[in-house]
Amino acid sequence: MPSPFPGMDPYLEHPDLWPGLHLFLISNLAQLLSPQLRPKYFVSVEVRMYEDNNTESLLVGLSDVSVLSKQSQTNESNYTESIVTATATSTKPITVTLPIPITIRQGYLEIQEVATKEVVTTIEILSPSNKRGGKGREMYLEKREKILDSLTNFIEIDLLRRGQRMPILNQNIQGNYRILVSRAKQRPRADLYAFNIQHKIPEFPLPLRPEDTEPIIDLQALLNNIYDVGSYDLKIDYTQKPVPELSENDATWAETWLRQQNL
């Protein structure tokens, strides 16, 4: 069965579900485009890798731990005295957390011309690490700038409400979700599709060479199929709030909508 929402399902943004959905989107988008682009182009699934020792990434899923003893409830002078004594006489180790690097892998797509092997179009589906501060965002923004300064077309799909938006000069555009289509020949102008949970995900073209007909990508149909194949209806409890939570207006709309769907 498809998602009960008319467009993007905000429950799919949950940290436990998004990594798998991201892989589904990459692979299914490649399968959708490949037969349409042959024989002039081929679709290449690429992986960007980097190491990160961000404690926010390392401690995801771990609950807060309190190490305060009853001694901490005494007055300040007694507390200070106990710390000095413990420092001098204690032989028991203190558990600490080390910033051990973890390897991050992020998939993306490249449309390459068979004759020249040139990358004609790059397609990125944003991950949480791209939208929060740190190495993941820094590396992504560096790559993004290189693409926008080249002759490569660029598509950027943002289906995540949480985090910092990607840089554009028009800052007053409304919409929790965004799809950017940037044709190399039209820069610095680009087409931005902005939408919310109430709206169907808009169809958008895949830019290629100027002489080519641009295939139309129906991301909504693709996402509906992934929702069905991934059995997300069995994984999601729609009686709970989504993570991250919706705004007050969107939450009211979503509750009414889900009641109409008997969920």
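The coordinates are above.
Overview of the structure. (Residues numbered from 1 in each chain as written. Predicted model: local features only at pLDDT ≥ 70, side-chain atom pairs only at ≥ 80, totals over all residues. Heavy atoms only, no water.)

### Let's talk about the overall build of the protein chain
Next, step 1: Along its length, the protein chain carries eight helices and eight strands.
Next, step 2: The proportion of buried residues among the 263 residues of the protein chain is 39%.
Next, step 3: For the protein chain, contacts bridging at least 24 residues in sequence account for 69% of all contacts bridging at least 6.
Next, step 4: As displayed, the protein chain has an accessible area near 15800 Å², and 53% of this comes from carbon and sulfur atoms. (Helix = DSSP H or I, 4+ residues; strand = E, 2+ residues; numbered from the N terminus. Buried < 20%, exposed > 50% of the residue type's maximum accessible area, 1.4 Å probe, protein only. Contact = heavy atoms within 4.5 Å. Areas by Shrake-Rupley, 256 points an atom, 1.4 Å probe, with all protein chains shown as cover.)

### Brief notes about helix α6 (residues 219–229)
Next, step 1: The set of residues buried in α6 consists of L219, Q220, L222, L223, I226 and Y227. Viewed end-on, α6 has its buried residues packed into an arc of 160°, placing them on one side of the element.
Next, step 2: At its buried positions, α6 is contacted by α1 (18–37), β4 (153–158), β5 (177–182), β7 (204–205), β8 (216–217) and α7 (232–235).
Next, step 3: Positive phi appears at S231, one or two residues downstream of α6, with a value of about 50°. (Arc of directions from axis to C-beta.)

### Quick word on the packing of α1 against α6
Next, step 1: Two elements in contact, α1 and α6, have axes separated by 10 Å at closest approach and are oriented at 125°. Judged by the inter-axis angle, α1 sits oblique to α6. Considering the relative orientation of α1 and α6, their crossing is right-handed. Between α1, through L21, F24, L25, N28 and L29, and α6, the contact on the second element is made entirely by L219, L222, L223, N225, I226 and V229.
Next, step 2: Here the residues of the contact of α1 with α6 are counted per class, giving nine nonpolar, two polar and no charged. (Axes fitted to C-alpha atoms, helices over the stretch in contact; angles between N-to-C directions. Parallel < 35°, antiparallel > 145°, perpendicular 65-115°, else oblique. Left-handed = near helix turned anticlockwise from the far one by under 90°. Nonpolar A, V, L, I, M, F, W, Y, C, P; charged D, E, K, R; others polar.)

### Looking at the nonpolar core
Next, step 1: Formed by 45 residues in total, the largest nonpolar core has its most connected members in L25, L33, I157, L206 and L219.
Next, step 2: Those elements giving two or more residues to this core turn out to be α1, β1 (41–52), β2 (102–113), β3 (119–125), β4, β5, α6 and α8 (248–260).
Next, step 3: For this core, the leading source of residues is α1, giving eight residues.
Next, step 4: Setting aside anything within four residues of it in sequence, one finds L219 in contact with L25, I157, L159, I179, I201 and F204.
Next, step 5: Of all hydrophobic cores here, the second largest spans six residues; its members include L126, F154, M166 and L180. (Core = buried A, V, L, I, M, F, W, Y, C linked by side-chain atoms within 4.5 Å.)

### With respect to the packing of aromatic side chains
Next, step 1: Enumeration over the complete set of coordinates arrives at eight aromatic pairs.
Next, step 2: Each ring, one from F5 and one from Y238, has its centre 6.3 Å from the other, and the planes form 45°; the classification is tilted. Placement of the pair is F5 in the segment before α1 and Y238 in the loop between α7 and α8, with a sequence separation of 233 residues. Of the two residues, F5 and Y238, neither departs from the other in class, the shared state being buried.
Next, step 3: Ring plane angle 70° and centroid distance 4.7 Å describe the contact between Y11 and Y238, whose orientation is recorded as edge-to-face. On the criterion of sequence distance, the pair formed by Y11 in the segment before α1 and Y238 in the loop between α7 and α8 is long-range, its members being 227 residues apart. (Phe/Tyr/Trp six-rings, centres within 6.5 Å; stacked < 30°, edge-to-face > 60°.)

### Describing the sheet that holds β5
Next, step 1: Sheet architecture is open: six strands sit in the order β1-β2-β3-β4-β5-β6, paired in mixed fashion. A single partner strand is all that each edge strand has here, and the edge strands are β1 and β6 (191–195). On average, adjacent strands in this sheet sit at an angle of 15° to one another, irrespective of strand direction.
Next, step 2: One ladder, built from 12 bridges, connects β1 with β2; its direction is antiparallel. When the sheet's bridge partners are listed, Y50 is paired in β2 with I104.
Next, step 3: The sheet strands contacting α1 are β1, β2 and β3, and the helix crosses β2 at an angle near 15°. (Pairing = 2+ DSSP bridges.)

### Describing the pattern of salt bridges
Next, step 1: One pass over the full model with this rule turns up 14 salt bridges.
Next, step 2: D158 is paired through a salt bridge with R165; the nearest N and O atoms lie 3.2 Å apart.
Next, step 3: When the shortest N-O distance is used, the salt bridge between R259 and E255 registers 3.1 Å. Placement of the pair is R259 and E255 together in helix α8, with a separation of four residues, close to one helical turn.
Next, step 4: Overall, the relative accessible area of 60% leaves R259 in the exposed class.
Next, step 5: Take E255: its relative accessible area is 44%, and that puts it in the partly exposed class. (Salt bridge = Lys/Arg side-chain N within 4 Å of Asp/Glu carboxyl O.)

### Structural notes on the environment of L206
Next, step 1: In this structure, L206 sits in the loop between β7 and β8.
Next, step 2: Sequence separation between L206 and I123 is 83 residues; the distance between their C-alpha atoms is 9.2 Å.
Next, step 3: Once you skip the residues sitting within four places of it in the chain, L206 turns out to touch L33, L37, I111, T121, I123, I155, E214, P215 and I217.

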